Structure formats: structure tokens, C-alpha cells
Amino acid sequence: MMNNLVFEKRINVTQPKMPPLSQYLGYLEQIWENKWLTNNGPLHEKFKEGLKEYLEVENLELFTNGHLALEIAIKSLDLKGEIITTPFTFASTTHAITNCGLTPVFCDIDPDTFNIDPKKIEDKITEKTSAILAVHVFGIPCNVERISEIAQKYNLKVIYDAAHAFGVYKDGVSIGNFGDISMFSLHATKVFNSIEGGILTYKDAKLSDKIRSLRNFGIVGSGDIKYVGLNAKMNEFQAAMGLCNLESIDQDIAKREELFKTYVNSLQDKFDIKFIQLNGTWQHNYSYFPILLKNKYFRDKLHELLKKYNVVTRKYFYPLCNKFDCYNYDSGETPIALDISQRVLCLPLYTELTVENVKQISDIIVYELGGLYEQL
Ligand SMILES: *Cc1c(COP(=O)(O)O)cnc(C)c1O
């Protein structure tokens, strides 16, 4: 234990991006003036237009959170039977499939990208398969070209859980333009937040009416109820927060990039720690800083030791979704995902963190791992 490296104030794994209070108050005054709180209010419409421009997409709708947006994506495509997905994700991805009455079929992941491994998808396809639900985990793009080829060959729909991928580009194309539908989460803990919030971007403009209807109890223009819908509307207070944060998003991502690269410089070549490899074909949003340790023992130990320094890390994503108590799925078929889930640890990363904070966290890690290796 190095007492001089203990943080006085707790460093959490993430911290919500807050705009200047005065900026938010300006929007609150507009809301009081308008007396329009939800159901496609003026701030909702303004936020929607701003996001279409920022994400460079044709079709986009807003939701009260990302999870309900994902369920609506599944419902809007009339999917049935089985959906091929990844176990290395947040509970929401699997729950959305199950809540919609479908069966998740887990496919193993690529150890370098942590994303669904396209080489293993075809083995999972049966006559009941209707879609692939892939996740751009930690903001790393999936192999969208291969997934698209497989989907075309077998006539499957493709949904991307892009909850982590706001602001990511693949070969110069904004990430919301792949597959049939993509979902972004604007939860407080994500790169870009509207307190809670979600986005669907989608290819087929003809889906608009259905998606909007599903978001509002299944009500259609005539007043009839055409679908078994949900209530998943984004309100004006959320839109106001989103509008504020949209103004600073480029600076926020640039700040994260600086912190991310500080971690890389401080930790590379130390004790075989592995982290996300940036390469020329995609542009990152620096949403998370996951590291891979040698084994579960080192991961769990480091997680505990960092707490003593007032540093909170998270075992994202452990346990795997096919290991949850509420499900009865066999995880034996996703050995790579299982291995990664036991070795991964996400380090603190948020815009208010400083380069000095990151250097200090890295120093603690190097010191404590040194101690753990000596005990071997
Ligand atoms: C956060 C998250 C969601 C759910 O988003 P909410 O906006 O919190 O409902 C879905 N999938 C993944 C991978 C997430 O990290």
C-alpha cells in the first residue's frame, strides 16, 4: 500500500457530464414558458434535429431510455423465434430479447474486439433465427461488413446495440448507419447523456410511423390502437439536458481521448496488461478504458486493492449474460467471452477526471500489480 497515492475524494468509474447550471436554467425557463412537458415538445424536436445532424443519419427517434428503445426496435421489425447475440454485454441487451418473447442464442466473441465473432455466427443459425443483435461493446465497432453479408445470405435483420458508441465512426461512416436499426443510450453514465434517454437510428424511413406509435402505447394518427405499444417518450427536461451536452460533445470526447492516451502511455508494456487497440479504420469516442489482466485472481485482487486507494473500478461485463441467475442458459459454448469476462476491469474515465488523476491511478496499478507478481 502506498499511502501517498490514496485519493482524498473517491474516484468513481464514471461521472455524469453536467453542463453549466445557467445553461440548463435557460432551457427550464423555456419549458415554463411553453407549458409543454412531454409528447414531442419543442425541445424534443430541436434535440432530434441536432442529433440527426451530429450522428449523420436520415432517420432518428428519441426515447426515454435506451432499453425501451431496444425493445421497440425488436417489436418494430416483427421479429420471431431466435435472435443471435453476444453474452458479453450489459443485461439490457439480453433482457430486451427475452421481454419481447424471443429466445437469445449466444455466439462467442472475438478476443481482440470483444464483439460478436462473425466466423461463429453461421453455426448458430437455425430455421427459427430472425435477426442478429450485435453490440459495439465499449464503443468498438463490430465487423459490420461480415455481419451484413451473413444477414443478406440468410435473410436476417440486423440490430446494433450502440449504447456505448455515440460519436464513433467506422471507415468515415457514422456508426448509426449500419444494420437495420441502431440503439444509442443517453443514460447519465454514458459518453453523452440526456439524464436518461435513448435513440433509434434506422435505414427504412417507412418504419417511422410504427416506431413512433410503439413509443406511445401503439396509438396511431386516427386515435386507434394498432400495436401493443409501450410508453417510452422522452420528456422536455431530458431533451434540455441533451441540448446542453450536445454543445460540448466534441470537447468532451477530445478530453476523454487525452485521458485514454495517458492510460495507454502509463500502462503499456506493464505486466502484460492488454487494452483496446486503436487502429486507422475507426474513430473512437473513448467511452471506456477496459484492461485485461492475466487471470481472474489478478483482476479480482486489483479491483479490491484499488478500493483502498478510493478508486472504484467495474468488472464490465461480469458475469456474462448467459450466466445470470434469472436465465438458464449454458455458457459452455462461449469460452472466449467467459475468459474475457473473468479478466476484464474498467478503469475510471470521465471528462472531469484529470491527466494527473489518471497518472496516479496508473501508478497505483503498476505498484500493486508488482506486489501481486512478486507473491507468485
Ligand atoms: C446502458 C446500456 C443499455 C441500456 O441503456 P439505458 O439507456 O440505460 O436504458 C443497453 N445496452 C448496453 C450495452 C448498455 O451499456
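Residues numbered from 1 in each chain as written. Predicted model: local features only at pLDDT ≥ 70, side-chain atom pairs only at ≥ 80, totals over all residues. Heavy atoms only, no water.

Participant: Now, about the pattern of salt bridges: what can you tell me, with residues and values included?
Facilitator: The final tally for this structure, using the stated rule, is 19 salt bridges. Linking Asp252 and Lys17 is a salt bridge whose minimum nitrogen-to-oxygen distance equals 3.3 Å. On the criterion of sequence distance, the pair formed by Asp252 in helix H7 (residues 236-267) and Lys17 in the segment before helix H1 (21-34) is long-range, its members being 235 residues apart. The pair formed by Asp252 and Lys17 is uniform in burial state, with each residue classed as buried. A single network of salt bridges, built from pairs that share partners, joins Lys48, Glu61, Arg212 and Arg215. (Salt bridge = Lys/Arg side-chain N within 4 Å of Asp/Glu carboxyl O. Helix = DSSP H or I, 4+ residues; strand = E, 2+ residues; numbered from the N terminus. Buried < 20%, exposed > 50% of the residue type's maximum accessible area, 1.4 Å probe, protein only.)

Participant: Run through the site of the ligand, naming residues and quoting values.
Facilitator: Around the ligand there are 15 residues in total, and Gly66, Asp161, His164, Ser185 and Lys190 lie nearest to it. Asp161 is positioned with one of its side-chain polar atoms (N or O) 2.7 Å from a nitrogen atom of the ligand. Within the side chain of His164, one N or O atom sits 2.7 Å away from an oxygen atom of the ligand. Protein coverage of the free-state accessible area of the ligand, which is 380 Å², stands at 92%. Those elements giving two or more residues to the shell around the ligand turn out to be helix H3 (66-76), helix H4 (91-99) and strand E8 (181-185). Of the residues in the shell around the ligand, the class split is three nonpolar, ten polar and two charged. (Near = heavy atom within 4 Å. Polar contact = N/O pair within 3.5 Å; in protein donor to acceptor, adjacent residues only side chain to side chain. Areas by Shrake-Rupley, 256 points an atom, 1.4 Å probe, with all protein chains shown as cover. Nonpolar A, V, L, I, M, F, W, Y, C, P; charged D, E, K, R; others polar.)

Participant: Lay out the side chain of Asn59 in plain terms, naming residues and giving numbers.
Facilitator: Structurally, the position occupied by Asn59 is in the loop between helix H2 (42-55) and strand E1 (60-63). Classification of Asn59 as buried rests on a relative accessible area of 11%. For Asn59, the side chain forms a polar contact with the main-chain oxygen of Tyr202, separated by 3.0 Å. Other than its neighbours up to four places away in sequence, Asn59 contacts Leu200, Thr201, Tyr202, Lys203, Asp204 and Ala205. (Contact = heavy atoms within 4.5 Å.)

Participant: Can you lay out the sheet that holds strand E3 (residues 103-106) for me, pointing to particular residues and giving the numbers?
Facilitator: Reading across from one edge, E1-E9-E8-E5-E4-E2-E3 is the order of the seven strands in this open sheet, with mixed pairing throughout. Edge positions in the open sheet fall to E1 and E3, since each of these has one partner strand only. Shown here is a sheet whose adjacent strand axes are inclined to one another by a mean of 25°, direction ignored. Direction of pairing for strand E5 (residues 157-161) relative to E8: parallel, over a ladder of three bridges. From the neighbouring strand, Tyr160 faces E8, where its bridge partner is Ser182. Packing against the sheet, H2 makes contact with E1, E8 and strand E9 (198-202), and its axis sits at approximately 130° to E1. Lying on the sheet, helix H6 (residues 208-215) is in contact with E1 and E9; it crosses E1 at an angle near 5°. (Pairing = 2+ DSSP bridges. Axes fitted to C-alpha atoms, helices over the stretch in contact; angles between N-to-C directions.)

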